[in-house]
Structures are given as structure tokens and as C-alpha cells.
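Breakdown of the fold
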2 protein chains.
Amino acid sequence: MADLKNDLFLRACKRLPVERTPIWVMRQAGRYLPEYMAVRQKADFLTMCRTPELAAEVTLQPIDLIGVDAAIIFSDILVIPEAMGMHLEMHEGKGPVFPEPIRNEADAKKLRTIDPSVDLKYVLDAVALTKRELNGRVPLIGFTGSPWTLLAYMVEGQGSKNFSKVKYLIYNDPALAHRLLDKIADAAAAYLCAKIETGVDAVQIFDTWGGLLAQDDFEEFSLRYIRKIISQVKEKNVPIIAFAKGVHYNLDRLADSGADVLGLDWTMNIGDVRKQVGHKVALQGNLDPTILYAGHEKIRHEAEKILQSFGHGSGHIFNLGHGILPDVPPENLKALVDFVKQESVIYHLK
Amino acid sequence: MADLKNDLFLRACKRLPVERTPIWVMRQAGRYLPEYMAVRQKADFLTMCRTPELAAEVTLQPIDLIGVDAAIIFSDILVIPEAMGMHLEMHEGKGPVFPEPIRNEADAKKLRTIDPSVDLKYVLDAVALTKRELNGRVPLIGFTGSPWTLLAYMVEGQGSKNFSKVKYLIYNDPALAHRLLDKIADAAAAYLCAKIETGVDAVQIFDTWGGLLAQDDFEEFSLRYIRKIISQVKEKNVPIIAFAKGVHYNLDRLADSGADVLGLDWTMNIGDVRKQVGHKVALQGNLDPTILYAGHEKIRHEAEKILQSFGHGSGHIFNLGHGILPDVPPENLKALVDFVKQESVIYHLK
């Protein structure tokens, strides 16, 4: 941390004292920024991911424009299945699509073990370039999808309402599902380790679709593989954030997963969660992303409620409870960030 | 209840002793049944809703074919906004659409106060016809969407991923939102009362989109109006079921809403919820609907877990945690229903 001018985020991850609560925002390098859209005019989403200069450029935008306390490398969770051999397309208005999803043993056999330094070199190059350009201003976060969330996309082939195909797989051929999850977990862990070696200061595991699973299934098909990743990444000694959406019922187990930080969606009461697991992990979150549609007064009021709910002391990283929405005015995010930076000081006075 | 041959469902709603756990399933009159699809070939969805003979026919199908312990009148939650004057279209593959959504004061002014006996006569006729054809075999449930859930559709105009327009409304013009919610609550209450007078034996309020709201917003924009409906319907003295998806954080308040039964989504642990609020309300639920993609052995295993989790005694109505999915084999639902009927007996022995 020595070479960082602002290490508030890293200290909060470790529940060390901070002068104020750090803040960053999921999808902060995204479509709500006109400066991002200007880059996006020149290159499609996947080209942006694959071009280190463009990925670095948009990664830095919210640091310069909004003033957040951490950068997160611009990329997509689906670069892992792509590196494993799946053909990935981006359909405008529909999102990412795998035209040949994984449905059976034969499909699964086609997936290869990845070498991140070769198969995902473009991400590592983007990390290295971003680190240089950040020049120690704030820490850089790397991320992966959880094995369950990646499997859901790989089996469905695209976003889905009911995720019936991946549910069919886990209930009718759990052995195949476990082999796939195991393979994805190894790939994700290798990928995170390579990013850490290239310079990221923390990593986040996104389990966007964890909440699709009932309690025991979440343990069996998601949490087990999040733990596997953590066990492989832990020795690299950077903070690990686990963000799972809709899994209020398994917070205790997530807090015991080895993660340093739990990311909370906006339906949780952060004060209650702190009482429950705050002695084990730091907490990240959890303003309802749609609050950023409101006026600045309402935004400040809701942010204050979250600061107050968490209460005094370190171990809180302010964030939204999900990614920032594309039609939010950037000045509303700026108002949130300014408010949190200023107002949170009183929660850290000795 | 005297004229009912099977009143298990109604007794369980009131936490009175039963010989076994009753079971019905949300969307049980639906696309997974070939017999339903045969009717659907002859008439589109909205025509089915508006034609009492067809609505009654599909309402009865799961009673005859699957053997569930309650019927629920075939209809749609959006018949209320339609009756209030909004033009409703059904777009194949996309679902219901309001081409002229409510966005401002002028739009809101166009909404009229409904007289269910005129504006929703076709539903009441379907209820009367179904009651005659049921001939006391099982109770009949009527339903409404919650005011918040209806408002979400009325403002968005259709299903949505982020529900940004209705969120924009409640944060930027809460006074208008409250006037609309109040008007919708009155319409929904009048509608439920009319259905009860026509013969339904219980009512369910669906708050499908309650979980979109953070904790305090749920109280302000959803629960308050669910309570308003309940206060107007309570005197009719039939069981009231409140089903809200994704609102784990507000179960206590829902249990104090005046509802007799809480419907649980599949992410809750029904045993834990019983400990928390089982002295106030009966519980309905909560098998993960995608479990019906599995083999019969897995289905029985998961159903047993829920029976066991709830434990001994009355106050449990078995159901899925959300509507049955259209691509589930009907024999899988039959296997579930048969199992629950048989296996639950031991949980009700003196």
C-alpha cells in the first residue's frame, strides 16, 4: 500500500482505521458517462474489452471525473468462458450471447484449461497500462464472475428470466454441473492470480445469480466454488470481496468463506448485517441504484441513512447495491460521492 | 366452510387442525398443461380472461388433472388498470403492454374509479360459474396485484429490468405516486370485496415487485397500501394471503399487516420464518419452482425438506415459491402433489 496516495479503500477492506469512508461504484466505468459513450462510439463493447488502451481509458474516467476511491478494470465476466473456448457475441439491446451454449458432456469436453498469460493477455495488458496511468492515485480492483454465475450464462447462452436450462442441468446431471463448476473455478482463480501478479490491489467475485438458488443449492452449486477460488487466491494477500445478489439467507456462510469483504445488495440493512457478521468481514454497499434517479437532497438523505446504519468505525466501503444504471445523470453520482466523502468523516472520529 | 368437501386449505389458513398439509400452486391454471394450451389455441390470453366459460374451464383443469386442494380463478393482475381506463395489449413473447403508460399528473387524471360489478363483471361471472362447477370440491381463491406492483406496470408500460421509470416517479414526485397508489388500493379492495361477495373463499395479494424496493421504501410505497386493502377486505371474513417476492427484510411487518397467511418465495427458510412469525400467521410455500425440472426422487426429497422445516402442526399451505414455469412436465407437478398429500400426514398426527 506504500506507493498509493489514497489507500482508504484497502484499509477499509481490512477494517483498519480510516479518516473517512471510501466509495466506489459497481459499473462506474459505464454508459451513464458521456465520456464513456464517446469511446463506445469508436469501438464495440468487446473490442473495448480487448483493447488495453481503450479499457484503461474508460477505467480511469470515473477516477478523474467522479473522484471515486478505487478503480475497477473495465472488462466483462464472460471473458473467462470465451478464453475456455466458447464463441462470444454481443447483440445490441440483448447483451452477450453464446451461440453454442454448454448443455451436455460433449459440449463440456470442448472447454479447455486456460493460461491467463496467453488466453487473457489483453486483460493483463490493460491492468498493467491502467496501473501505470493511475500512478498510485487509487487502488485498482480486478474481478471475476462466480463459477455459478458463469455456468448460468454458459448453459443458458444468454441472460434468462427463469434460468431453466441451468436449473435443469444441476437437478438432472449434478455430476456434470460439478465438473463444470470445478473447471470454471480453477480458471477464475488462475485469472485472478494473474491479475494480482500484474498489479491489481484487490479482487471482487460477482455472484450475480446466486439468489436464483434456494438455500442448500446455493451452498452446493455456488458457495463451494467461491470458497475454492478464495482458497487459491488467498495466498496472494490482497483483499477479496464477495458480492452475491439476493442471498440474504446465506450471509453467515458467505462471511465464513474466507472473503475479507461482503458486498451487499440494496435489500439488506447494512447495520443489521454488521451486527451479524461485522466482526468477521468488512461490508461494501448498499444504496439502491435507482436512488440516483432522485434529486440531490433525496440522494444525500438515503446515503446518510446507510452511513448511520453502519455506524462508527472502519470496515465500510460505500457502494451501490448493484451496478449503476445507464440512464443516471453523472452529476447525481458526483453528488453522492462528494456527500459520502464529506459526511462520513464524523463516523471515523476517535 | 360447511358446504365444502375439502376445506383443508381454509383450515390451514386459519391455523386450525388439519389431517394433512393442503397444496396448491401459483399459476396452476397455466401453460405447462396441454389441456390449457388446447384452450389457448382457440382464444388469446385476454379473451380467455374475458370469457367466463373459458376462464372457468382452465381454472378447473388443475383440480381435475393434478388434484390440488384449492382453485384460483384464472385471470390477470392487469385487469384492474384496464378497468381504470388503461388500454391493455398482449404482445406474444413479450407479455402484457400498456401502450400509454402513466407518467404524469395528466395521465393519472384519466384513471377512473371502478365499479367492479360493471367494469369487471366478466371476472365476477367467471367466479360464479367456477363456483357452480366446483360444486364444493375445493375452495376458490381470488386475487389482486398489490398497488405497488400494479403501479410498476402502469408506469413502465410493460415488464422491465430496472423499473427505472416507476423508481423515477416515486423519488421525484412521491405525492403523485401516493395519490396513484391510494386510488389503485381502493380499486383493488373493491374488486376483492366484489369477488368475495360472488363466492371466492379466500384472496391473495401478489406483490411480485415488492423486492425492488429498499426496506423503508417498501414500507412507504408498498406495505402501506397492502394494509389499506386488507383493512377494507378484512370485514368480509375470508382468509387473506399476502405474497411478496424478495422482501425477506420485511417479514415482521408483513406478518403484522393483518394478513392471515404469508406467501414465501423460495429463498426463505420456512422453518426459520415460522419461528419468527408463525404465531401470528400461517405460511404458504415455498419450493423453488425450478425443482420441478428435476426427477421425481429429487422433487420428493426437496418437498420433504420443506415439510420437515415447517415441522409439526397446522398453519402450512404447501406451494411453490413462485409461479409454476411453462416448460415443466405436468407429471412432475402431479408427483409433488401426490407426495405432499401422502407424506404430510405424519406432521399432523396428534
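Residues numbered from 1 in each chain as written. Chains lettered and ligands numbered in written order. Predicted model: local features only at pLDDT ≥ 70, side-chain atom pairs only at ≥ 80, totals over all residues. Heavy atoms only, no water.

**Here's the deal with the overall build of chain A**
A tally of regular secondary structure across chain A gives 16 helices and nine strands. The dimensions of chain A, computed from C-alpha atoms along their principal axes, are 60 × 45 × 40 Å. Scored against the burial criterion, the 350 residues of chain A give a buried share of 64%. Residue pairs at least 24 apart in sequence account for 73% of intrachain contacts in chain A once pairs closer than 6 positions are excluded. In the structure as shown, chain A presents an accessible area of about 12,800 Å², 51% of it carried by carbon and sulfur atoms. Here chain A carries 41 positive and 45 negative side-chain charges, and the mean point of each set is 1 Å from the other. (Helix = DSSP H or I, 4+ residues; strand = E, 2+ residues; numbered from the N terminus. Buried < 20%, exposed > 50% of the residue type's maximum accessible area, 1.4 Å probe, protein only. Contact = heavy atoms within 4.5 Å. Areas by Shrake-Rupley, 256 points an atom, 1.4 Å probe, with all protein chains shown as cover. Lys, Arg positive; Asp, Glu negative; His and termini not counted. Charge placed at Lys NZ, Arg CZ, Asp CG, Glu CD.)

**Here's the deal with helix H12 (residues 215–233) of chain B**
All names here are of chain B. Compared with the 27 Å implied by 1.5 Å per residue over 19 residues, the 25 Å span of H12 between its first and last C-alpha is a close match. Ser222 marks the point of greatest bend in H12, at about 40 degrees. Within the sequence span of H12, burial applies to Gln215, Asp217, Phe218, Glu219, Phe221, Ser222, Leu223, Tyr225, Ile226, Ile229, Ile230 and Val233. (Expected span 1.5 Å × (residues − 1). Bend = angle between axes of the 7 residues up to and from the residue.)

**Looking at the sheet that holds strand S8 (residues 282–287) of chain A**
Here seven strands make up an open sheet; going across it, the order is S1-S4-S5-S6-S7-S8-S9 (chain A) and the pairing parallel. Looking at strand neighbours, the two that pair on one side only are strand S1 (71–72) and strand S9 (316–320) of chain A, the edges of this open sheet. (Pairing = 2+ DSSP bridges.)

**Description of the relation of the copies chain B and chain A**
Structural alignment of chain B on chain A gives an RMSD of 0.0 Å, achieved by rotating through 180 degrees and translating 0.0 Å along the axis. Given the turn and translation reported, the copies of this chain are related as if by a two-fold rotation axis. Same-surface contact between copies: 100% of interface residues of chain B are shared with the interface of chain A. (Least-squares fit on C-alpha atoms with pLDDT ≥ 70 in both.)

**Some remarks on the layout of surface pockets**
Here the second largest pocket defines a volume of roughly 630 Å³. Elements that contribute at least two residues to the lining of the second largest pocket include exactly helix H13 (251–255) and helix H14 (270–277) of chain A together with helix H13 (251–255) and helix H14 (270–277) of chain B. Tallied by class, residues from the lining of the second largest pocket come to eight nonpolar, twelve polar and six charged. (1 Å grid on protein atoms, 1.4 Å probe; cavity = no way out; pocket = protein on both sides within 12 Å on 5 of 7 lines; lining within 4 Å. Points joined across faces, edges and corners; volume = space filled by probe spheres on them. Nonpolar A, V, L, I, M, F, W, Y, C, P; charged D, E, K, R; others polar.)

**Side note on the environment of Glu219(A)**
Residue and element names in this part refer to chain A. Looking at where Glu219 falls in the secondary structure, it is placed in helix H12 (residues 215–233). What makes Glu219 partly exposed here is its relative accessible area of 21%. Note: C-alpha distance between Glu219 and Trp148 (71 residues apart in sequence) is 11 Å. Not counting the four nearest positions on each side in its chain, Glu219 is found in contact with Arg224, Arg227, Asn250 and Arg253. Within polar-contact distance, the side chain of Glu219 engages the side chain of Arg253 at 2.8 Å. (Polar contact = N/O pair within 3.5 Å; in protein donor to acceptor, adjacent residues only side chain to side chain.)

**Brief notes about unusual backbone geometry**
Residue and element names in this part refer to chain A. With omega at -5 degrees, the peptide bond leading from Gly285 into Asn286 counts as cis. Tracing the chain through its elements places Asn286 in strand S8. In this model, Asn237 sits at a positive phi of 65 degrees, which is unusual for a non-glycine residue. The residue Asn237 is located in the loop between H12 and strand S6 (240–244) in this model. What makes Asn237 exposed here is its relative accessible area of 61%.

**What to know about the confidence of the model for chain A**
Considering every residue of chain A, the mean pLDDT works out to 96; 99% of them sit at 70 or more. Interface scoring of the predicted complex returns ipTM 0.85; its pTM is 0.91. (pLDDT = per-residue confidence, 0-100.)

**Overview of the environment of Cys193(B)**
Residues and elements named next belong to chain B. Within the element layout of this structure, Cys193 appears in helix H11 (residues 174–198). Exposure remark for Cys193: the relative accessible area of 12% places this residue in the buried category. Sequence separation between Cys193 and Val18 is 175 residues; the distance between their C-alpha atoms is 27 Å. When near neighbours in sequence (up to four residues on either side) are disregarded, Cys193 contacts Gln232, Val233 and Lys236.

**A closer look at the side chain of Ser222(A)**
By secondary structure assignment, the location of Ser222(A) is in helix H12. A relative accessible area of 0% means that Ser222(A) is categorised as buried.

**Examining the packing of aromatic side chains**
What characterises a pair of aromatic rings is the spacing of the ring centres plus the angle enclosed by the ring planes. Residues and elements named next belong to chain A. With the rule as written, the count across this model stands at 13 aromatic pairs over all chains. Centre to centre, the rings of Phe163 and Trp209 are 4.7 Å apart; their planes meet at 45 degrees, and the pair counts as tilted. Linking Phe163 in the loop between helix H9 (147–156) and helix H10 (164–172) with Trp209 in the loop between strand S5 (202–207) and H12, this pair joins segments that are 46 residues apart in sequence. Put simply, the rings of Tyr36, Phe45 and Phe74 pair up and form one aromatic cluster. Over the ring of Phe143 we find Lys195; its NZ or CZ atom is 5.1 Å from the centre of that ring. (Phe/Tyr/Trp six-rings, centres within 6.5 Å; stacked < 30°, edge-to-face > 60°. Lys NZ or Arg CZ within 6 Å of the ring centre and 35° of its normal.)

**With respect to the nonpolar core**
Membership of the largest hydrophobic core comes to 280 residues, with the highest contact counts inside it found for Phe9(A), Leu262(A), Leu336(A), Phe9(B), Leu262(B) and Leu336(B). Among all residues touching Phe9(A), those that are not within four sequence positions of it are Pro22(A), Trp24(A), Asp69(A), Ala70(A), Pro139(A), Ile141(A), Ala202(A), Ile241(A), Gln284(A) and Ile317(A). (Core = buried A, V, L, I, M, F, W, Y, C linked by side-chain atoms within 4.5 Å.)

**Observations regarding a nonpolar patch on the surface**
Residues and elements named next belong to chain A. Together, Val345, Ile346 and Leu349 line one region of the surface with nonpolar side chains, adding up to about 260 Å² of accessible area. With respect to the element layout, Val345 can be found in the segment after helix H16 (330–343). In this structure Val345 comes out as partly exposed when scored by relative accessible area, which is 34%. (Patch = residues over 30% accessible without salt bridge, like charges linked within 9 Å, V, L, I, M, F, W, Y side chains within 5 Å. Salt bridge = Lys/Arg side-chain N within 4 Å of Asp/Glu carboxyl O.)

**Side note on the sheet that holds strand S8 (residues 282–287) of chain B**
Residues and elements named next belong to chain B. Within the open sheet, the seven strands sit side by side as S1-S4-S5-S6-S7-S8-S9. Their pairing is parallel. A strand with exactly one partner marks an edge of an open sheet, and here the two such strands are strand S1 (71–72) and strand S9 (316–320). One ladder, built from five bridges, connects S8 with S9; its direction is parallel. Counterpart to Leu283 in the pairing with S9 is His316. Sheet contacts for H11: strand S4 (140–145) and strand S5 (202–207); angle to S4, the most-contacted strand, approximately 170 degrees. (Axes fitted to C-alpha atoms, helices over the stretch in contact; angles between N-to-C directions.)

**A few points about the interface of chain B and chain A**
Taken together, the contact between chain B and chain A spans 28 residues of the former and 28 residues of the latter. Summing the contributions of chain B and of chain A, the shared interface buries around 2,400 Å²; its carbon and sulfur component is 51%. Of all residues in chain B, Tyr171(B), Thr267(B) and Tyr293(B) bury the most surface against chain A, accounting for 24% of the area lost on that side. Run the count over chain B and chain A and you get four salt bridges. At the surface where chain B touches chain A, the tally comes to 16 residue pairs in polar contact (both at pLDDT 80 or more). Across the side of chain B that touches chain A, the residue classes break down as eleven nonpolar, ten polar and seven charged. (Buried area = accessible area lost by both parts, 1.4 Å probe.)

**Observations concerning the pairing of S8(A)**
Residue and element names in this part refer to chain A. Among the six residues in S8, six count as buried, and that is most of the element. Where strand S7 (residues 261–263) lies against S8, three bridges are found, and the strand directions are parallel. Each residue of the ladder has a partner; that of Leu262, found in S8, is Leu283. Chirality of the crossover, the property in question, places the unit of S7, H14 and S8 among those that are right-handed. For the segment spanning S8, helix H15 (residues 296–310) and S9, crossover handedness is right-handed. (Right-handed = clockwise from strand over helix to strand, strands pointing away.)

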